[in-house]
Amino acid sequence: MRVLGIESSCDETGVALYDSATGAMVHALHSQVDLHRAFGGVVPELASRDHVRRLAPLLLDVLAKAGVQPGDLDAIAVTAGPGLAGALLVGCGLAASLGFALEIPVVPVHHLEGHLLSPLLVTPAPTFPFVCLLVSGGHTQLLHVREVGRYELLGDTLDDAAGEAFDKTAQMLGLGYPGGPEVSRLAQFGVPGAVRLPRPMLESGNLDMSFSGLKTAVRTAVERAGAPSGNLCEQARADIAREFVDSVVEVLTAKALAALARTGLSQLVVAGGVGANIQLRASLQDRLGARGARVFYPPLDLCTDNGAMIAFAGAVRMTRLPEATRMAATEPLRVRPRWTLTDR
Ligand code: KG4
Ligand code: ZN
């Protein structure tokens, strides 16, 4: 089965072709990072317009690379939500029209399901059930993944997502956008413990998280270190970055371990952009290894948004949940900017 995947929920335009018979994946991506950099964040209208410009060329590129004609496609998987309404509409518009013209099913995919199933593309892959730590720019969740489509929310952020905290911290430290990789790089030069920041909800006794207070604490630390001139020396910035990363990593690691303990499971899947963070990976490796648990990631280039994870999730749904997927494909395709993973 050849499934075309389309992703346009935020600031990456992704198209992919997954062949479930051979496991072959061809994908093409255009990141809008340069377009939004000057604004320090994603501008929704610019994002939508850029998806319009990029989608068709990416589609032609993928088909050419795979040596596949449009008529050879069996289905189209498209991100229907959550995300920016206008941006989602662009991808869904293309998917719906292609599906109509080619007379093939269009499968609406939940963006986070794309992220959480993407580690199954790696060998060895995790087996169901597992715990998923989903850490992206918009979400920070712990999920009990029983099977495809059977997800139970174990813990969530009460306010900002971890990725959002990375991006805002980067802004306060005068670093570029997106902030995660830049904060992570600068943190490597910081002295551990030179600055003290809180570990929010570390002792809360549940699996929820909160990163908004940490962001405020970073602002206070920046003001203190830079006062009165407002200029922050390089070492002070690195020290704050280091402590920020240490705090986020400590909280995420502790909550992930607690989720494994609560569910009695020994496999952790980490998905979403923050999953690319090297300090988080080192910490999880260290702490989980000591407990005989294993951690799984998507391929590094599939940690952030892409079309491959959407094509794959669509194919997995069609194989494992054929009836529900067939039903979903017969309904009018609608975008769902707000869509919780557990509500399917
Ligand atoms: O999953 P993703 O590409 O998009 C969403 O669906 O949100 O995640 C983007 C987020 C951004 O906040 C970005 O700063 C963060 O992932 N990120 C990182 C790293 N790479 C990307 N955060 C920390 N360390 C990284 N290496
Ligand atoms: Zn994402």
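The structure this text deals with has already been given above.
Asks: I tried to follow the coordination of the zinc ion (ligand 2) on my own but got confused; where do I start?
Replies: Under ideal tetrahedral coordination, the four donors around a metal are separated by 109.5 degrees; under ideal octahedral coordination, the six donors are separated by 90 or 180 degrees. Distances from the zinc ion (ligand 2) to its protein donors, namely His 111 (NE2), His 115 (NE2) and Asp 305 (OD), fall within the range 2.1 to 2.2 Å. Of note is the zinc ion (ligand 2), whose four donor atoms meet at the metal with angles of 91 to 149° in an arrangement that counts as irregular.

Asks: What should I look at first to understand the sheet that holds strand β8 (residues 150-156) in this one?
Replies: Within a beta sheet, neighbouring strands are joined by backbone hydrogen bonds and run either parallel or antiparallel to one another. As summarised here, the arrangement of the five strands in space is β8-β7-β6-β9-β10, forming an open sheet in which the pairing is mixed. Every other strand in the sheet has two partners, leaving β8 and β10 (294-296) as the edge strands with one partner each. The mean inter-strand angle of the sheet, taken between neighbouring strand axes irrespective of direction, is 25°. By the bridge criterion, three bridges tie strand β9 (residues 267-271) to β10 in an arrangement that is parallel. The residue bridging Leu 268 from the neighbouring strand is Val 295, located in β10.

Asks: What should I look at first to understand the environment of Thr 216 in this one?
Replies: Among the secondary structure elements, Thr 216 is positioned in helix α7 (residues 212-226). Separated by 47 residues in the primary sequence, Thr 216 and Thr 169 place their C-alpha atoms 9.4 Å from one another.

Asks: Before we go on, may I ask you to explain the packing of α7 against helix α8 (residues 234-263) in this structure?
Replies: Think of two packed helices as two axes; the pair is described by the angle between the axes and how far apart they sit. Across the interface, α7 lies against α8 with an axial gap of 11 Å and an inter-helix angle of 165°. What the angle tells us is that α7 and α8 run roughly antiparallel. Between α7 and α8 lies a crossing whose hand is right-handed. Counted together, Leu 214, Val 218, Ala 221, Val 222 and Ala 225 of α7 and Ala 236, Ile 240, Phe 244, Ser 247 and Val 248 of α8 form the full contact between these two elements. Of the residues that constitute the contact of α7 with α8, the class distribution is nine nonpolar, one polar and no charged.

Asks: Got a minute to help me understand the pattern of salt bridges in this structure?
Replies: Close approach of charged atoms allows side chains of opposite charge to pair. A full pass over the atoms with the stated rule returns 18 salt bridges. Two residues, Glu 164 and Lys 168, come together in a salt bridge whose shortest N-O distance is 3.1 Å. With Glu 164 and Lys 168 both in helix α5 (residues 162-172) and four residues apart, this pair spans about one turn of that helix. Residue classification places Glu 164 among the partly exposed positions, given a relative accessible area of 25%. Glu 323 is paired through a salt bridge with Arg 326; the nearest N and O atoms lie 2.7 Å apart. Of the two residues, Glu 323 and Arg 326 are both situated in helix α11 (residues 322-330); the distance of three residues between them amounts to about one turn of the helix. Looking at Glu 323, the relative accessible area reads 48%, which means it is partly exposed. We classify Arg 326 as partly exposed; its relative accessible area is 47%. In the salt-bridge network here, residues are joined through shared partners; they are Asp 160, Glu 164, Lys 168 and Lys 215.

Asks: Help me out: how do you make sense of the packing of α5 against α7 in this one?
Replies: Look at α5 against α7: their axes get within 10 Å of each other, and the N-to-C directions meet at 15°. Taken together, α5 and α7 sit at an angle that is classed as roughly parallel. When you trace α5 past α7, the crossing you get is right-handed. Residue-level inspection shows Lys 168, Thr 169 and Met 172 of α5 in contact with α7, the latter providing Lys 215, Val 218, Arg 219 and Val 222.

How each quantity is defined
Residues numbered from 1 in each chain as written. Chains lettered and ligands numbered in written order. Predicted model: local features only at pLDDT ≥ 70, side-chain atom pairs only at ≥ 80, totals over all residues. Heavy atoms only, no water. Donors = N, O, S within 2.8 Å, 3.2 Å for Na, K, Ca; no water. Tetrahedral: all angles 85-135°; square planar, octahedral: opposite > 155°, others 65-115°. Pairing = 2+ DSSP bridges. Helix = DSSP H or I, 4+ residues; strand = E, 2+ residues; numbered from the N terminus. Axes fitted to C-alpha atoms, helices over the stretch in contact; angles between N-to-C directions. Parallel < 35°, antiparallel > 145°, perpendicular 65-115°, else oblique. Left-handed = near helix turned anticlockwise from the far one by under 90°. Contact = heavy atoms within 4.5 Å. Nonpolar A, V, L, I, M, F, W, Y, C, P; charged D, E, K, R; others polar. Salt bridge = Lys/Arg side-chain N within 4 Å of Asp/Glu carboxyl O. Buried < 20%, exposed > 50% of the residue type's maximum accessible area, 1.4 Å probe, protein only.

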